[in-house]
Amino acid sequence: MGMIRLAATICLATAAPAAAQLDDPAAREARWSEVRRAIFGERAVAVATRGIAIDAPLRAQDAALVPVTLAITDPAVAAVHLVIDENPSPYAAHLRFGPAAVRDGVAFRVRVNGYTTMHAVAEHADGRLAAVSRFVKASGGCSAPIEVSDEEAMAGMGAIRMTFAPAAKYGRVDALVMIRHPNFTGMQMNQVTRLTTPPRYIERLEVTIAGRSIFALDGDISLSANPAIGFAFAGKPGDEVTVVATDSAGARWEQRFTVPTAAS
C-alpha cells in the first residue's frame with residue numbers, strides 16, 4: 001500500500017485542471033501525464049491497442065457507485081492498475097492476478113468525483129505497461145454525504161459475502177465478493193453530526209483457493225462503499241475459497257466459502 005499512499009499524496013498536492021478545461025483533450029492528457037509520473041515514475045506506459053478494454057458509463061447515474069469492468073484478452077497480463085485521473089486520490093486500485101485466476105476480466109464499483117478520464121493500465125509479466133482510457137461524466141462521488149451516523153454506517157463492518165454463478169464447464173467459476181464497509185473518504189460531511197468523517201477504507205483484499213492466490217487487491221478511497229469485486233477463477237464445486245480483508249485502521253476480517261454445485 002505504500003505505493004498507493006505515496007501516489008495519493010503527490011496527486012493531492014497537484015492542482016487539477018479547471019472545470020472549463022475538462023472537455024479539452026490536451027488538458028486531460030496533461031493531467032494524465034502528471035498522474036502517470038506520480039504513480040509509475042519514469043516507467044514507460046504505452047497506449048494499449050489490444051489486450052485490455054475498459055467499460056464504464058459515459059454518464060454515471062450515481063457518482064458514488066460507478067460500475068467499471070476491465071476486459072482482458074492478453075494472458076500475459078499479470079496485474080491491472082485502475083486510475084481515475086481527477087479523483088483526489090487517483091490511484092483507485094491495483095489488482096495482481098494469482099495462479100488460480102482466470103485472467104479475462106474484473107469488475108469494480110468506484111467513486112468518481114468529477115468529469116474525468118479513467119485509465120486501466122495493464123502490467124505484463126515482463127514489466128511492460130499499457131493503458132486504455134475511458135471518459136466518464138460524474139460529480140461528487142468522493143464527497144457524497146453519509147445519510148446516517150458513523151456508528152450506523154459501520155454496523156456489521158467487515159461482513160463478507162460471496163455469490164457464485166452456476167458451475168461452468170472446464171473448471172471455470174465466476175464469483176462476486178462483497179465486503180460491508182463504508183469506505184470513508186475523509187471528504188464526507190456526516191449529515192447527523194455535521195462533522196467530516198475521517199478516512200477509513202478497505203486497504204487490501206486477498207482471495208485464495210486451496211492456498212493458491214486468485215488475486216490480491218490494494219485499494220483506496222476511490223473504491224465505493226461496500227466494495228464489490230467480480231472475478232473468475234479455476235475451481236470446481238466443493239473447493240474452499242478464503243477471503244481476507246484489511247482496512248486502513250488495521251482491522252482484519254476473514255471468511256471461507258465453498259463453491260456450490262449451483263448458483264447461490
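Further up the page is the structure itself.
The numbers attached to residues start from 1 for each chain and follow its sequence in the written order. Note on the predicted model: pLDDT of at least 70 is required for a residue's local features to be given, and 80 or more for side-chain atom pairs to be given and counted; whole-chain, interface and lining totals, by contrast, use all residues. Computation of side-chain values: all heavy atoms of the structure, hydrogens and water removed.

Caption draft 1: Geometry of helix α2 (residues 25–40). Secondary structure elements follow DSSP: runs of H or I of four or more residues count as helices, runs of E of two or more count as strands, with numbering from the N terminus. What a helix should span is 1.5 Å times the count of its residues minus one. Under the 1.5 Å per step criterion, the end-to-end length of α2 is 21 Å for 16 residues, consistent within 8% with the ideal 22 Å. Relative accessibility thresholds used throughout: buried, under 20% of the residue-type maximum; exposed, over 50%; partly exposed, between the two (1.4 Å probe, protein chains only). Among all positions in α2, only Ala27, Arg31, Trp32, Ser33, Val35, Arg36, Ala38, Ile39 and Phe40 are buried. Each polar contact in these results corresponds to two N or O atoms within 3.5 Å; when the atoms are within protein, one needs to be able to donate a hydrogen and the other to accept it, and residues that are neighboring in sequence are counted only if both atoms are side-chain atoms. Sitting at the amino-terminal end of α2 is Asp24, which places a side-chain oxygen 3.0 Å from the backbone nitrogen of Ala26. Residue Gly41 follows α2 closely and has a positive phi angle near 65°.

Caption draft 2: Spatial organisation of the packing of aromatic side chains. Pairing of aromatic rings covers Phe, Tyr and Trp, the last counted by its six-membered ring, and requires centre-to-centre distances within 6.5 Å; plane angles under 30 degrees mean stacked, over 60 mean edge-to-face, and any other angle means tilted. For the coordinates displayed, the defined rule picks out three aromatic pairs. Pairing Phe215 with Phe231 gives two aromatic rings, centres 5.0 Å apart and planes at 75°, and the pair type is edge-to-face. Here the residue Phe215 occupies a position in strand β12 (residues 212–219), and Phe231 occupies one in strand β13 (residues 228–234), the gap between them amounting to 16 residues. The two residues Phe215 and Phe231 agree in class, both being buried. Among the aromatic residues, those joined into a ring-pair cluster are Phe215, Phe231 and Phe233. Criterion for a charge above a ring: Lys NZ or Arg CZ within 6 Å of the ring centre, and within 35 degrees of the ring normal. Taking the ring centre of Phe135 as reference, the NZ or CZ of Arg28 above it sits at 4.5 Å.

Caption draft 3: Inspection of the sheet that holds strand β7 (residues 116–124) at higher detail. Two strands pair under a simple rule: DSSP has to find at least two bridges between them. Spatially, the nine strands line up as an open sheet ordered β1-β8-β7-β4-β5-β12-β11-β14-β15, and their pairing is mixed. Whereas interior strands pair on both sides, the edge strands pair on one side only; in this sheet they are β1 (45–47) and β15 (252–258). Direction aside, the axes of adjacent strands within the sheet are offset by 20° on average. Across six bridges, strand β11 (residues 202–209) lies against β12 in antiparallel orientation. The partner of Leu205 across the bridge, within β12, is Leu217. Fitting a line to C-alpha atoms yields each axis, with helices limited to the stretch in contact; the angle taken between N-to-C directions then spans 0 to 180 degrees.

Caption draft 4: Representation of the pairing of β15 in the model. Examined bridge by bridge, strand β14 (residues 240–247) and β15 share seven bridges and lie antiparallel to one another. Each bridged residue has a counterpart across the sheet, and for Glu240 the counterpart in β15 is Thr258.

Caption draft 5: Looking closely at empty space enclosed by the protein. Think of a 1 Å grid over the protein atoms and nothing else: a 1.4 Å probe that fits but is trapped marks a cavity, an open set flanked by protein within 12 Å on at least five of seven lines marks a pocket, and residues with an atom within 4 Å of a point count as lining. Grid points are joined across faces, edges and corners, and a volume is the space filled by probe spheres set on the points. Applying the stated criterion to the full structure yields one cavity of 30 Å³ or more. For the largest cavity, the calculated volume is near 30 Å³. Lining the largest cavity, in full, are Phe97, Ala101, Val102, Gly105, Val106, Ile214, Phe215, Phe231 and Ala232. Among the secondary structure elements, those contributing two or more residues to the lining of the largest cavity are β6 (105–110), β12 and β13. Classifying every residue of the lining of the largest cavity gives eight nonpolar, one polar and no charged. Residues were grouped as follows: Ala, Val, Leu, Ile, Met, Phe, Trp, Tyr, Cys and Pro as nonpolar; Asp, Glu, Lys and Arg as charged; and all remaining residues, including Gly, as polar.

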